[in-house]
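Structure at a glance
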Amino acid sequence: MDLSELDCFSGPEMAKQSNVFREGELNAFMGLGRNAWHETRQTVQRVLSSAEGYLRDNGHLQKRTLINQDDAIMHVPARIGDFTDFSASKRHAENDRIMFTDKSQRILPNWDYMPVAYHSRASSVVVSGTDIHRPNGQYANEDGSVDSGPVFGPTKKLDFEMEIGALIGTGNALSQPISVDSADSHVFGFVLLNDWSARDLQSWEWNPLGPFLSKSFATTISPWVVTAAALEPFLCDPICLQDPQPLPYLRSKSIKTYDINLTTSLQTEGQTEVHYSSSVISQSNYKVMYWTLAQQIAHHTSNGCNLLPGDLIGSGTVSGPTHYSSGSLSELSERGTKPITLVDGQRRAFLHDGDEVIIRGWCEDKSVRIGFGECRGRVLHHRQHSPPPFP
């Protein structure tokens, strides 16, 4: 629906602001704040109601305003200035320790006290349906020996990470932190997110400063933004008890999260078309996360860092307590030591060229279901790395 063609925005917030719908991205609208979002949502719901004649009885307006979904070209919904990806699932954090240190599941002591994160690349955030080339990079030799030095080439351990992304609406001024109790009012909405990861590159580079080339080559998000207002009926208590108690700036009067179902499907190249449900390899729920989005935003800005409209906050891999609820292939295959068997009989420890990863999400109760659409990406062969023009 093309909102720029409507002249029915007559409320106090949007009567003089409807020009934001002529912008190529949502940033200007997102920056108007919660009252403007709410008023716009009410107006659109009214216009689309069968009891309202404004659009229902105007065939010419319908032709100008309503676009067949098959004809619509999907884009990244906002101009993403910055992208921060957190680690908020304790299960995934424990599995990470095993994956990258070959030690026990004991996570570092700071993890229990603050939502840890890394700063990723906004420039390589792409919309669902974009093909992903297998990245090149450095990784340890086959024998794993540090003494033998690394090799450079295409990753052999390409992985997905099933996540939720939050888009910031109104930001904060530099040096003005956002409190944990007001953080939710700064969130415009949510998308599905796949934080593609090259595990062999990650293992080699992650000390001392964390992920770099192993993550920065691509992040896929869904094009449809589900607003925070639409998800209010699905607010719930987190499953995880926060112990030890967070520091005062992370304590909320009411710790809430969202009941969002998530699945990941893996379809192989040339695979006969199968029903999505039969190719699902992982199923989890956002409410398993240890740290809430409000706590992530409060911590992110606690040093005075300013967030801007369109900034993307990654939840971190949504891994639950069971093996099937693991949110990455490396967890499902136990670091590649136990490949999983797909519906067509093929086995996977990590992603192959031609594999297509499809993340879906939805909220549902007895009366309503809200879908997030798809977050889809297919793996292509790596691009050849040009040698230097000298011997």
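The structure presented is a predicted model; accordingly, all values stated were derived computationally and were not measured.

Another point: the overall build of the chain. Along its length, the chain carries nine helices and 21 strands. Its C-alpha radius of gyration of 22 Å places the chain within 12% of the 21 Å reference for a compact globule of 391 residues. Considered along the principal axes of its C-alpha atoms, the chain spans approximately 70 × 50 × 50 Å. Per-residue burial over the chain gives 49% buried out of 391 residues. Intrachain contacts of the chain at a sequence separation of at least 6 include 72% that bridge at least 24 residues.

Taken together, the side chains of Met1, Leu48 and Leu66 present a nonpolar region at the surface, about 260 Å² in accessible area. For Leu66, the location among the structural elements is in the loop between α4 (59–65) and β1 (83–87). Given a relative accessible area of 40%, Leu66 falls into the partly exposed group.

So, about the environment of Pro154. By secondary structure assignment, the location of Pro154 is in strand β6 (residues 150–154). Along the chain, Pro154 and Gln384 lie 230 residues apart, while their C-alpha atoms are 9.0 Å from each other. The contact partners of Pro154, leaving out residues within four places of it in the chain, are Arg134, Pro135, Asn136, Tyr139 and His382.

What follows deals with the packing of aromatic side chains. Under the counting rule described, the total for this entry stands at seven aromatic pairs. Measuring from centroid to centroid gives 5.1 Å for Phe9 and Phe21, while their planes differ by 35°, and the two rings are tilted. Placement of the pair is Phe9 in the segment before α1 (27–30) and Phe21 in the segment before α1, with a sequence separation of 12 residues. A relative accessible area of 6% means that Phe9 is categorised as buried. When its relative accessible area of 13% is taken as the criterion, Phe21 is described as buried.

Under the criterion given, the structure shown has 19 salt bridges. Between Arg64 and Glu5 there is a salt bridge; the shortest N-O distance is 3.0 Å. In this pair, Arg64 sits in helix α4 while Glu5 sits in the segment before α1, placing the two residues 59 residues apart along the sequence. Accessibility expressed as a relative area gives 28% for Glu5, which makes it partly exposed. With its nearest N and O atoms 3.0 Å apart, the salt bridge here joins Glu374 to Arg376. Beyond isolated ion pairs, a larger network of salt bridges with shared partners links Asp159, Glu161, Asp195, Arg199 and Lys215.

Along the polypeptide, Glu161 turns up in the loop between β7 (158–159) and β8 (162–168). Residues within four places of Glu161 in sequence aside, it is in contact with Asp85, His92, Leu193, Asn194, Asp195, Ser197, Arg199, Lys215, Thr317, Gly327, Ser328 and Ile359.

Time to look at the sheet that holds strand β20 (residues 356–364). Taking strand neighbours across the sheet as the criterion, the five strands line up as β4-β21-β20-β15-β16 in an open arrangement whose pairing is mixed. Only two strands of the sheet have a single neighbouring strand rather than two, namely β4 (132–133) and β16 (280–285). The pairing of β20 with strand β21 (residues 369–380) spans eight bridges and is antiparallel. Paired with Arg360 across the two strands is Glu374, which belongs to β21.

Calculation notes
Residues numbered from 1 in each chain as written. Predicted model: local features only at pLDDT ≥ 70, side-chain atom pairs only at ≥ 80, totals over all residues. Heavy atoms only, no water. Helix = DSSP H or I, 4+ residues; strand = E, 2+ residues; numbered from the N terminus. Rg over C-alpha atoms; globule rule 2.2 N^0.38 Å. Buried < 20%, exposed > 50% of the residue type's maximum accessible area, 1.4 Å probe, protein only. Contact = heavy atoms within 4.5 Å. Patch = residues over 30% accessible without salt bridge, like charges linked within 9 Å, V, L, I, M, F, W, Y side chains within 5 Å. Areas by Shrake-Rupley, 256 points an atom, 1.4 Å probe, with all protein chains shown as cover. Salt bridge = Lys/Arg side-chain N within 4 Å of Asp/Glu carboxyl O. Phe/Tyr/Trp six-rings, centres within 6.5 Å; stacked < 30°, edge-to-face > 60°. Pairing = 2+ DSSP bridges.

Treat this as a map of the structure, not an account of what it does.
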